[in-house]
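Understanding the architecture of this molecule
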Amino acid sequence: MKTYRYPQTLLASASAALVAGTLALAPGLVLAQANTVKIGVILPMTGPSASTGRQIDAAIKLWVAQNGNKAGGKTVEVIIKDDAGVADTTRRLAQELVVNDKVVALAGFGLTPLALASAPIATQSKTPMVVMAAATSAITEASPYILRTSFTLPQAAVSIADWAAKNKIKRVVTLVADYGPGNDAEKYFYERFRLNGGQVLDKLRTPLRGADFAPVLQKVRDAAPDALFVFLPSGQGAAFMKQYAERGLDKAGIKLIATGDVTDDDQLGDMGDVALGVVNAHHYSAAHDSPANKKFVDAFQAANKFRPNFMAVGGYDGMRLLYTGLNTSKGAGGDALLAAMKGQLFESPRGPVLIDAQTRDIVQDIYIRKVERVNGQLYNIEFDTLKQVKDPGKLK
Ligand code: PHB
């Protein structure tokens, strides 16, 4: 399993000193270690969720390139570990990062089960844990040391349910990936849409790793709803859209509505015309119209050959949270760093965000978007904004 370390320079000079065997450099090396804080990032860099790892890894590199490797008067070293999306591996890596590397914080977590597997380690070791990707509402309740810079499925699901009810959609079938965030998406869409007078004809689920949507798409066709509401985790949208078109559902008059995970910027460029007009709710679009986002997208695209998606923004903002926290805690970890990260308010490429001091979850604008072609490329174009949405899962 590969480990990546940023910045490389500190390590390079340290190993050069060791190779040279120059005693004169040894005290400097010790000093460098005492003045170094390590952040342990665990991501799926391989396996079915590798696109999440690739996006967040690129965003972290961009953050460090733009902001340097100093925070709270210390040198920051980011250690990136690949869990391949396997929860037992995530837990073991979290343990090793805390015990062996003595990291001041854990970060990353590409899927809900991976975040949940690591939560007890954060609690036992009092290590702050920044969830940059996973989005099941209850994750932040799994440890008082967890903070989140991604989003929650209830934030997106209630927003699209309200939009659907106001836009002549009366009968809906829901289709979600069958695990934590899918359960949240289904439940919160269902409750809000029914509260608005809508009818949910069927609730369909697909296996998390399943790429064959034919059986459920046939059921959708037979039910003939006004719209199909979909949540699938980042990385599955393109395969789903292809099969949606192959089965002719786009031509059958069944409108597609979704959380923005399905029309993910990472894959949207390759989805083709079938995605045009899909209305969805989410917290980030690469086309978000603000100077902060333009700067972020331009720099990201200059450094990478792909567009940033919402995972990248979760990673970038997570680094900001950690750097600002370390500046306040003067490089200390544990409870001091946790306290310094609670209540942070800042302008993200996605818009204004707050890390709620009570829930440690993110409060942010949710946008209603429509997929449109702009300068030959597909984008989620925002046309309505729900301001400062708290996780509906925390309101009960
Ligand atoms: C999750 O597992 O929490 C998750 C993963 C990908 C998404 C949303 C949620 O797009």
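Note: the structure precedes this text.
Now for a quick tour of the structure.

Looking now at the site of the ligand. Close to the ligand lie 14 residues, the nearest being Thr112, Ala135, Tyr179, Ser234 and Asp261. Here tyrosine 179 contributes a side-chain N or O atom positioned 2.7 Å from an oxygen atom of the ligand. The separation between an oxygen atom of the ligand and a polar main-chain atom of serine 234 is 2.9 Å. Contact with the protein chains removes 99% of the 280 Å² of surface that the ligand exposes when unbound. Residue composition of the shell around the ligand, grouped by class: nine nonpolar, four polar and one charged.

As enumerated under the stated definition, the model contains 12 aromatic pairs in all. Ring plane angle 50° and centroid distance 5.8 Å describe the contact between phenylalanine 296 and phenylalanine 300, whose orientation is recorded as tilted. Residue phenylalanine 296 and its partner phenylalanine 300 are both found in helix H11 (residues 291–303); the two are separated by four residues, about one turn of the helix. Judged by relative accessible area, phenylalanine 300 falls into the buried class, the value being 0%. Taken together, a centroid distance of 4.7 Å and an interplanar angle of 55° make the contact between phenylalanine 296 and tyrosine 316 tilted. Placement of phenylalanine 296 in helix H11 and of tyrosine 316 in helix H12 (residues 310–329) is noted, with a sequence separation of 20 residues between them.

Mapped onto the secondary structure, aspartate 265 falls in helix H10 (residues 265–268). When near neighbours in sequence (up to four residues on either side) are disregarded, aspartate 265 contacts Tyr284, Ser285, Ala286, Arg307, Pro308, Asn309, Tyr379 and Asn380.

Among the structural elements, serine 348 can be located in strand E13 (residues 345–348). Using a relative accessible area of 0% as the deciding quantity, one classes serine 348 as buried. For serine 348, the contacting residues outside a window of four places in its chain are Ala292, Val313, Asp317 and Val353.

Here we come to unusual backbone geometry. The phi angle at lysine 102 is positive, at roughly 55°, despite the residue not being glycine. Positionally, lysine 102 belongs in the loop between helix H4 (87–99) and strand E5 (105–108). One non-glycine residue, alanine 224, lies in positive phi territory at about 45°. Of note, alanine 224 is situated in the loop between helix H8 (214–223) and strand E10 (227–231).

Next up on the list: helix H5 (residues 112–125). Between its first and last C-alpha atoms H5 spans 21 Å; for 14 residues at 1.5 Å apiece the expected length is 20 Å, and the two agree. The largest bend along H5 measures about 30° and falls at serine 118, with the proline proline 120 one to four residues further on. Within the span of H5, buried status applies to Thr112, Leu114, Ala115, Ala117, Ser118, Ala119, Ile121 and Ala122. Of the surrounding secondary structure, the elements contacted by the buried residues of H5 are H4, strand E6 (129–131), strand E7 (146–148) and helix H7 (180–195). Downstream of H5 by a residue or two, lysine 126 has a phi angle that is positive, lying close to 55°.

Procedures and definitions
- What you see as residue numbers is a count from 1 along each chain, following the sequence as written.
- Local features in this predicted model are restricted to residues of pLDDT 70 or higher, and side-chain atom pairs are both shown and tallied only at a pLDDT of 80 or more, whereas totals for entire chains, interfaces and linings draw on every residue.
- Working from all heavy atoms in the structure, the side-chain values ignore hydrogens and water.
- Neighbouring residues are identified by heavy atoms, a residue being near a molecule or strand if any of them is within 4 Å of it.
- Under this definition, polar contacts are N or O atom pairs within 3.5 Å; protein pairs additionally need one hydrogen-donor-capable and one acceptor-capable atom, and for neighbouring residues in sequence, both atoms have to be side-chain atoms.
- Where accessible areas are quoted, they stem from the Shrake-Rupley method and a 1.4 Å probe; at the residue level, only the protein chains shown are allowed to cover.
- Residues were grouped as follows: Ala, Val, Leu, Ile, Met, Phe, Trp, Tyr, Cys and Pro as nonpolar; Asp, Glu, Lys and Arg as charged; and all remaining residues, including Gly, as polar.
- Any two rings among Phe, Tyr and Trp, with Trp reduced to its six-membered ring, count as a pair given centres within 6.5 Å; such a pair is stacked if its planes are under 30 degrees apart, edge-to-face if over 60, and tilted if neither.
- Helix and strand assignments follow DSSP, with helices taken as H or I runs no shorter than four residues and strands as E runs no shorter than two, numbered in order from the N terminus.
- When accessible area is computed with a 1.4 Å probe and restricted to protein chains, residues below 20% of their type maximum are described as buried, those above 50% as exposed, and intermediate ones as partly exposed.
- In what follows, residue pairs with any heavy atoms lying within 4.5 Å of each other are defined as contacts.
- Every helix has an expected span of 1.5 Å times one less than the residues it contains.
- Note that bend, as reported per residue, equals the angle between axes fitted to the 7 residues terminating at that residue and the 7 residues originating from it.

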